[in-house]
Amino acid sequence: MKDPITVSVTGAAGQIGYSLLFRIASGAMFGPDQPVNLRLIEIEPGMKALEGVVMELDDCAFPTLNEVVPTCDLNEGFRGTNWALLVGSVPRKAGMERKDLLGINGKIFVGQGKAIAGNAASDVRTLVVGNPCNTNCLIAMNAADGVPNDRFFAMTRLDENRAKSQLAKKAGVHQNAVSNLCIWGNHSATQYPDFTNAKIDGKAVTDVISDRAWLEGEFISTVQQRGAAIIQARGASSAASAANGVVDTVKSLTNPTPAGDWTSVAVCSNGEFGIDTGLIASMPIRTSDGKSWEVVEGVEIDAFSRDRIDASVQELKEEREAVQDLMS
Ligand code: NAD
Ligand code: LMR
C-alpha cells in the first residue's frame, strides 16, 4: 500500500469543490492505487454545507479515500499537505472582469500563503484557481516564506482545453488530435491561445485550418470570453469544467509530458520569452519526471503572437501594481 498523498482544497463547499472533491477521492487525479487524504477548508458560514459534502464523500465508500478533515482553521487545513488547491474565493458575476475581484479576493491569499509555509509538507505544490488566479497566486507565493517559487501555479488549463476543443470542432477532428496548444499570459480576457504553434495530428494548425480570419478573430475571442459566456448562460461560473481543469493540471504536473508536447500553466517567470521576471504568467511547460518542470525552450513567437502576449503581460503588471499593499 502506498503512503497517502494529502490534498488541501479551499472553498470545498463551493460549486467547483462539489465536482472536484469526488474526482480526487475517486482516484481520477492520482490514480486508482494511490490513497488520498482530503483536508477541506471553508470559512465559518460554509461549514454546514461542508458537513453535507463530507457525508456524501463517506457515502461513496471510495477505495482510494483514506481520511477527510473538514476545517475552517488554515493551520489545520494545510497541515502536512502535498498539494494545496486554492479554489475558495468569490466568483465574478455577469458584466465583471476577473480582475474586478482583486479587492475582495486578493487578501485571502496572504493568510493562505503564510499557512502553507507554516504547515505544509516540504514538497508542497500550490495551484491557485480562485480569480484573478494569476495575481492571487503571486500574492500567495509572496506570503509563503521559504517555499520555492517554482511550487506555485495558477490555472490556465481550462483555457487550453477550451481552445483545443474549438480547434478540433473547426477542423472536424477529435480533440485528442490537437497538441502543442499554449495559453500565454493571464487567465483573463487578454489571454492568448496560440494557434501559431498548435498542431492537429502533428501538422501546423495553420496548414489544417485555412481560415486565418477565424483563427485570428473568432477563435481567440471565443476562448477569451468563454468564462463570461458560461456565466451568461448558467447564471454561475464554470464549475465541472473548472474542476476537470484542476484534475488535468495536477495530472500533467505529476506525470511525464508526452514527447514533443507541452501543457499550459501559469508559473513564476524567470524572464522567459521576454515576460517580466516575477510575474505569474501562463507559458508552455513540460516535465520529464512528474516532479520538477521546465519552461519549453525555442517556441517561436511571431509578430502577431508577440503583440498579444505583451498585452496580457501588461495587464499582469497592472494587477501586480494594484496589489502592492498585499506584498511584503
Ligand atoms: P463558489 O462561490 O461556488 O464557492 C466558493 C467557496 O469558497 C464558497 O463555499 C465560500 O464559502 C468559499 N470561500 C470563500 N472565501 C474563502 C476563504 N477565505 N477560505 C476558504 N473558503 C472560502 O465559487 P466557485 O464557483 O467554486 O468558484 C471559486 C473560484 O474559482 C472563483 O473565484 C472563480 O472565479 C474561480 N474560477 C477559476 C477558474 C480558472 O480557470 N482559473 C475557473 C472557474 C472558476
Ligand atoms: C472561467 O474561466 O470559467 C472562470 O475563470 C470563471 C470566470 O469568471 O470566467
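These numbers were taken from a predicted model, which means no experiment stands behind them. Per-chain numbering applies: the sequence of each chain, read as written, is numbered from 1 onward. Written order determines the labels here, with chains lettered from A and ligands numbered from 1. In keeping with the model being predicted, local features are shown solely for residues with a pLDDT of at least 70 and side-chain atom pairs are shown and tallied solely at 80 or more, while totals for entire chains, interfaces and linings include all residues. With hydrogens and water excluded, all non-hydrogen atoms of the structure serve as input to the side-chain values.

A. Structural detail: the site of ligand 2. A cutoff of 4 Å decides nearness: a residue is near a molecule or strand if any of its heavy atoms lies inside that distance of it. If you check the shell around ligand 2, you find R92, R98, N131, R162, H187, G227, I231, S237 and S238 and nothing else. A distance of 2.6 Å separates an oxygen atom of ligand 2 from a polar side-chain atom of H187. Put simply, ligand 2 lies in the largest pocket. Under the scheme applied, nonpolar residues are Ala, Val, Leu, Ile, Met, Phe, Trp, Tyr, Cys and Pro; charged residues are Asp, Glu, Lys and Arg; polar residues are all the others, including Gly. Classifying every residue of the shell around ligand 2 by side-chain character gives 1 nonpolar, 5 polar and 3 charged. When we break the shell around ligand 2 down by domain, the ones giving at least three residues each are domain 1 (5-154) and domain 2 (157-324). Pairs of N or O atoms are called polar contacts if they sit within 3.5 Å, as long as, within protein, a hydrogen donor faces a hydrogen acceptor (for residues adjacent in sequence, only side-chain-to-side-chain pairs). A cavity here means a set of points on a 1 Å grid, drawn over the protein atoms and nothing else, where a 1.4 Å probe fits but cannot get out; a pocket is an open set with protein on both sides within 12 Å along at least five of seven lines, and a residue lines either one if it has an atom within 4 Å of a point. Here the criterion for a molecule occupying a pocket or cavity is that more than half of its atoms lie within 2 Å of the pocket grid points. As used throughout, domain bounds are those supplied by an automatic or database domain assignment.

B. Expanded view of the environment of A243. Mapping A243 onto the fold places it in helix α11 (residues 240-254). In sequence terms A243 and N75 are 168 residues apart; their C-alpha atoms lie 24 Å from each other. Not counting the four nearest positions on each side in its chain, A243 is found in contact with I16, S19 and L20. Helix and strand definitions follow DSSP, with helices as H or I runs of at least four residues and strands as E runs of at least two, each counted in order from the N terminus. By definition in these notes, contact holds between two residues if any of their heavy atoms fall within 4.5 Å.

C. Spotlight on the pattern of salt bridges. Salt bridge, as used here: a side-chain nitrogen of Lys or Arg that lies within 4 Å of a carboxyl oxygen of Asp or Glu. Under the criterion given, the structure shown has 10 salt bridges. Between R151 and D150 there is a salt bridge; the shortest N-O distance is 4.0 Å. Across the salt bridge formed by E160 and R157, the nearest N and O atoms sit 3.8 Å from each other. Residue E160 and its partner R157 are located together in helix α7 (residues 157-171), separated by 3 residues, close to a single helical turn. Exposed residues in this analysis have more than 50% of their type's maximum accessible area, buried residues have under 20%, and partly exposed residues fall in between, with area computed by a 1.4 Å probe over protein chains only. Of the residues examined, R157 reaches a relative accessible area of 11% and is grouped as buried. When salt bridges with common partners are traced through the structure, they connect R157, E160 and K164 into a single cluster.

D. Seen up close, the packing of helix α1 (residues 15-25) against helix α2 (residues 47-60). Axis geometry follows a simple rule: fit a line to the C-alpha atoms, using only the stretch in contact for helices, then measure angles between N-to-C directions, giving values from 0 to 180 degrees. Close contact between α1 and α2 brings their axes to 11 Å; oriented N to C, the two are set at 30°. Taken together, α1 and α2 sit at an angle that is classed as roughly parallel. Our pair here, α1 against α2, has a crossing hand that is right-handed. Counting all contacts with α1, which are made through Y18, L21, F22 and A25, the residues of α2 involved are V53, E56, L57 and C60. For the contact of α1 with α2, the residue count by class is 7 nonpolar, no polar and 1 charged. Geometric relationships in this document are graded by angle, where less than 35 degrees denotes roughly parallel, more than 145 denotes roughly antiparallel, 65 to 115 denotes roughly perpendicular, and other angles denote oblique. Should the near helix be turned counterclockwise from the far one by less than a right angle, the crossing is left-handed, whereas a clockwise turn marks it as right-handed.

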